[in-house]
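Each chain, letter by letter, is given below.
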Amino acid sequence: MDSILVKGNGALSGAIPIAGAKNACLTLMPATLLSDEPLTLTNAPRLSDIATMTQLLQSLGAEVASLQDGLVLALSSHSITNQKADYDIVRKMRASILVLGPMLARYGHAVVSLPGGCAIGARPVDLHLKALEAMGAELDLRDGYVHAKAPGGRLKGAVVEFPFVSVGATENALMAATLAKGTSVLKNAAREPEIVDLARCLRKMGARIEGEGTGEIVIEGTDRLHGATHPVVTDRIELGTYMLVPAICGGEVECLGGTLDLVGAFAEKLDAAGVSVTQTNRGLKVARKNGRVQAVNVTTEPFPGFPTDLQAQMMALLCTAEGTSVLEEKIFENRFMHAPELMRMGARIDVHGGTATVTGVDRLKGAPVMATDLRASVSLILAGLAAEGETLVSRVYHLDRGYERVEEKLRACGAQIERVSA
Ligand code: EPZ
């Protein structure tokens, strides 16, 4: 099991290219199931989660070719032979549930393993299932699988009102509705850029969709969708993560491909903490305004609010800020597992339920720490970049799920970082 060794090395400056969004690619790939014509995705990120989704789609009989060093994915599902998504793949990645809607919409039946929980929470899929039932699906939950059927082989358009915002449930419902008979309206839909990207790709495939990016999406079902080529949107979470490098270490970093619309609330929070974010024609240039970062309070919310996927990384910054910050995690029930690891590095954090109170210290101290989930892993690397001495982050397989070539990207800015095999 690999670890990453980081040595605090003062201010870091340089340019970091931002990849395509993992969480967009993971919903764009299953969209191939909606059509018998080829779907080509460009600007794809090179991540282990993408390899897992590739494996899952291939297990269903889809063809997925990874071209140009993984930057291009050529998908085709003209010969789906199997409508069952097995537990042994689904348990590795919860986004596997996103094959359910498309498969049910195209074939009229699907069997998909329930994903089970993960480190950050129980993460049920009840909203996904309720949305598909509203479209006429008959669901039978047994032996850990969802056995889904569309009476008469086709879903029907419906009004789906989500009790609270769910990214995945919105994505499953949106994909299913494109082939349903009639009109569907998704109310209280998620507004994340990944949803907008999916809608744009589906529209290229012939879907009739309006309102993506607002809380209400209207879909006019069609009989079939055709192939398309679509670039994966820039990864706003990778972008926000690397924006924190100059914030926590000092120096100036330009995040290539970054745009302010992807990280509005996050950039505002950085500004309030004393970090400037400037849009250039290449991306987002980030640097401290003057001296030490100041404490700020953070509450995670669905887009366009502060992203839960940047909460762990922001906490690392606030561990070294002047003053006391309060972070409220409103999306997941157990997303502070990075806190005890940061405390091993000298951070002062008080966690009560969904609230973490962070009192900044002058400097963290390097220490051996353990990654517990994807975003916690990179939070520890950020802390290690700024800490005095060496930090060894273990279980970095979490990191490889969502960040490509981290060492390379950070070394280009002067970081002392290397991967060590245990
Ligand atoms: C997506 O997960 C992302 N994953 C997550 O990113 C992200 O943290 C999350 O959205 C919120 O932005 C992908 O896109 C692959 P939700 P998702 O449905 O769709 C509860 C990362 O680090 N809920 O918006 O699973 C759920 O438990 C990952 O890249 C239900 O109760 O998130 C959570 O508390 C982590 N029932 C809240 O809603 C449901 O049917 C929001 O979940 C669905 C969700």
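A.B. asks: What is the right way to read the site of the ligand from this model?
C.D. replies: The immediate surroundings of the ligand are formed by 20 residues, with Asp126, Leu127, Ser166, Asp309 and Ile331 found nearest. Take Ser166: an N or O atom from its side chain is 2.7 Å from an oxygen atom of the ligand. A distance of 2.8 Å separates an oxygen atom of the ligand from a polar atom in the side chain of Arg375. When the ligand is considered free in solution it has 820 Å² of accessible area, and contact with the protein chains removes 87% of it.

A.B. asks: What should I look at first to understand the domain arrangement of the chain in this one?
C.D. replies: Often, the extent of an interface is quoted as the loss of accessible area upon association of its parts. When cut into domains, the chain gives domain 1 (2–19 + 234–421) and domain 2 (22–231). Distance between the C-alpha centres of domain 1 and domain 2: 31 Å. Listed as interface residues are 23 residues of domain 1 and, on the opposing side, 20 residues of domain 2. With both sides pooled, the region where domain 1 packs onto domain 2 buries about 1,800 Å², and carbon together with sulfur makes up 50% of that total.

A.B. asks: In this structure, what is going on with the state of the cysteines? I would like to understand it.
C.D. replies: When the sulfur atoms of two cysteines share a covalent bond, that bond is a disulfide. In total, this model carries zero disulfides according to the counting rule given. Here Cys25 stays unpaired: no disulfide links it, and the sulfur of Cys201, its closest cysteine neighbor, is 10 Å away.

A.B. asks: Mind showing me how you'd approach the packing of aromatic side chains here?
C.D. replies: The description of two aromatic rings rests on the distance between their centres and on the angle between their planes. Within the structure shown, the criterion is met by one aromatic pair. Lying across the ring of Tyr145, Lys84 places its NZ or CZ 4.5 Å from the centre.

A.B. asks: Teacher, can you tell me more about the environment of Ser13 here?
C.D. replies: Along the chain, the position of Ser13 falls in the loop between strand E1 (2–7) and strand E2 (14–17). Remark: the alpha-carbon pair of Ser13 and Val167, spanning 154 residues in sequence, is separated by 34 Å. Ignoring any residue separated from it by four or fewer positions in sequence, one finds Ser13 in contact with Gly251, Glu252, Val253, Ala412 and Cys413. Within the structure, Ser13 has its side chain in polar contact with the backbone nitrogen of Glu252 (distance 2.9 Å).

A.B. asks: Even after reading the chapter, I still don't get the layout of surface pockets, so can you show me in this structure?
C.D. replies: Of the voids in this model, the largest pocket is the one considered here, and its volume is about 1,400 Å³. Elements with a minimum of two residues in the lining of the largest pocket: helix H1 (22–28), helix H5 (126–134), helix H6 (167–177), helix H8 (236–249), helix H12 (374–386) and helix H13 (397–402). Here the element with the most residues in the lining of the largest pocket is H1; it accounts for four residues. Classifying every residue of the lining of the largest pocket gives 21 nonpolar, ten polar and 19 charged. Of the residues that make up the lining of the largest pocket, three or more belong to each of domain 1 (2–19 + 234–421) and domain 2 (22–231). In this structure, the second largest pocket occupies an estimated 210 Å³ of space. Along the wall of the second largest pocket there are 15 residues; nearest its centre are Ile248, Cys249, Arg288, Asp362 and Ala386. Elements represented by at least two residues in the lining of the second largest pocket include exactly H8 and H12.

A.B. asks: What is the right way to read the pairing of strand E5 (residues 72–76) from this model?
C.D. replies: Successive residues of a regular strand alternate their side chains across the two faces of the sheet. Among the five residues of E5, four are classified as buried, and the element is accordingly described as predominantly covered. Sheet topology note: the strand E3 (residues 39–42)/E5 ladder contains three bridges and is antiparallel. Looking at E5, one finds that Thr40 is bridged to Ala74. Sheet topology note: the strand E4 (residues 63–67)/E5 ladder contains five bridges and is antiparallel. Its bridge partner lying in E5, Ser66 is registered against Leu73.

A.B. asks: It is not clear to me how the sheet that holds strand E11 (residues 183–187) should be interpreted in this structure. Could you clarify?
C.D. replies: Pairing between the strands of a sheet comes from backbone hydrogen bonds, and it takes one of two forms, parallel or antiparallel. Spatially, the four strands line up as an open sheet ordered E10-E11-E13-E12, and their pairing is mixed. Both outer strands of the open sheet, strand E10 (159–161) and strand E12 (208–210), are each paired with one neighbouring strand and no more. Taken over all neighbouring pairs, the strand axes of this sheet differ in orientation by 15° on average, direction set aside.

A.B. asks: In this structure, what is going on with the packing of H6 against helix H7 (residues 193–204)? I would like to understand it.
C.D. replies: Viewed as axis vectors pointing N to C, H6 and H7 meet at an angle of 10°, and their least axial separation amounts to 10 Å. Regarding the angle of H6 to H7, the classification is roughly parallel. Contact residues: H6 offers Val167, Thr170, Glu171, Leu174 and Met175, while H7 offers Glu194, Ile195, Leu198, Ala199 and Leu202. In terms of residue class, the contact of H6 with H7 is made up of seven nonpolar, one polar and two charged.

A.B. asks: How should I be thinking about empty space enclosed by the protein in this particular structure?
C.D. replies: Any empty space left between atoms is shown by rolling a water-sized probe over those atoms. Counted under the stated rule, the structure contains one cavity of 30 Å³ or more. For the largest cavity, the calculated volume is near 40 Å³. The set of elements that each furnish at least two residues to the lining of the largest cavity consists of H1 and H8. If you count residues domain by domain, the lining of the largest cavity takes at least three from each of domain 1 (2–19 + 234–421) and domain 2 (22–231).

A.B. asks: Just to check I follow, could you spell out the packing of helix H10 (residues 311–318) against H12 for this structure?
C.D. replies: In a pair of packed helices, the angle between the axes and the distance between the axes together describe the arrangement. One way to put it is that H10 packs onto H12 with a least axis distance of 8 Å and a crossing angle of 20°. Relative to H12, the element H10 lies roughly parallel. Crossing of H10 over H12 shows right-handed handedness. Of the residues in H12, those touching H10 at Ala312, Gln313 and Ala316 are Arg375, Ala376, Val378, Ser379, Leu382 and Ala383. Considered class by class, the residues forming the contact of H10 with H12 number six nonpolar, two polar and one charged.

A.B. asks: Would you mind going over the sheet that holds strand E22 (residues 368–370) with me for this structure?
C.D. replies: With mixed pairing, the four strands of this open sheet are ordered in space as E22-E23-E1-E24. The sheet terminates laterally at E22 and strand E24 (416–421), the two strands that pair on one side only. Averaged over all adjacent pairs, the angle separating strand axes in this sheet is 25°, with direction ignored. Inspection of the sheet shows E22 paired to strand E23 (residues 390–394) by three bridges, in the parallel sense. Within E23, the position partnered with Pro368 by the bridge is Leu392.

Conventions and cut-offs
Residues numbered from 1 in each chain as written. Predicted model: local features only at pLDDT ≥ 70, side-chain atom pairs only at ≥ 80, totals over all residues. Heavy atoms only, no water. Near = heavy atom within 4 Å. Polar contact = N/O pair within 3.5 Å; in protein donor to acceptor, adjacent residues only side chain to side chain. Areas by Shrake-Rupley, 256 points an atom, 1.4 Å probe, with all protein chains shown as cover. Domains from an automatic or database assignment. Contact = heavy atoms within 4.5 Å. Buried area = accessible area lost by both parts, 1.4 Å probe. Disulfide = S-S within 2.5 Å. Phe/Tyr/Trp six-rings, centres within 6.5 Å; stacked < 30°, edge-to-face > 60°. Lys NZ or Arg CZ within 6 Å of the ring centre and 35° of its normal. Helix = DSSP H or I, 4+ residues; strand = E, 2+ residues; numbered from the N terminus. 1 Å grid on protein atoms, 1.4 Å probe; cavity = no way out; pocket = protein on both sides within 12 Å on 5 of 7 lines; lining within 4 Å. Points joined across faces, edges and corners; volume = space filled by probe spheres on them. Nonpolar A, V, L, I, M, F, W, Y, C, P; charged D, E, K, R; others polar. Buried < 20%, exposed > 50% of the residue type's maximum accessible area, 1.4 Å probe, protein only. Pairing = 2+ DSSP bridges. Axes fitted to C-alpha atoms, helices over the stretch in contact; angles between N-to-C directions. Parallel < 35°, antiparallel > 145°, perpendicular 65-115°, else oblique. Left-handed = near helix turned anticlockwise from the far one by under 90°.

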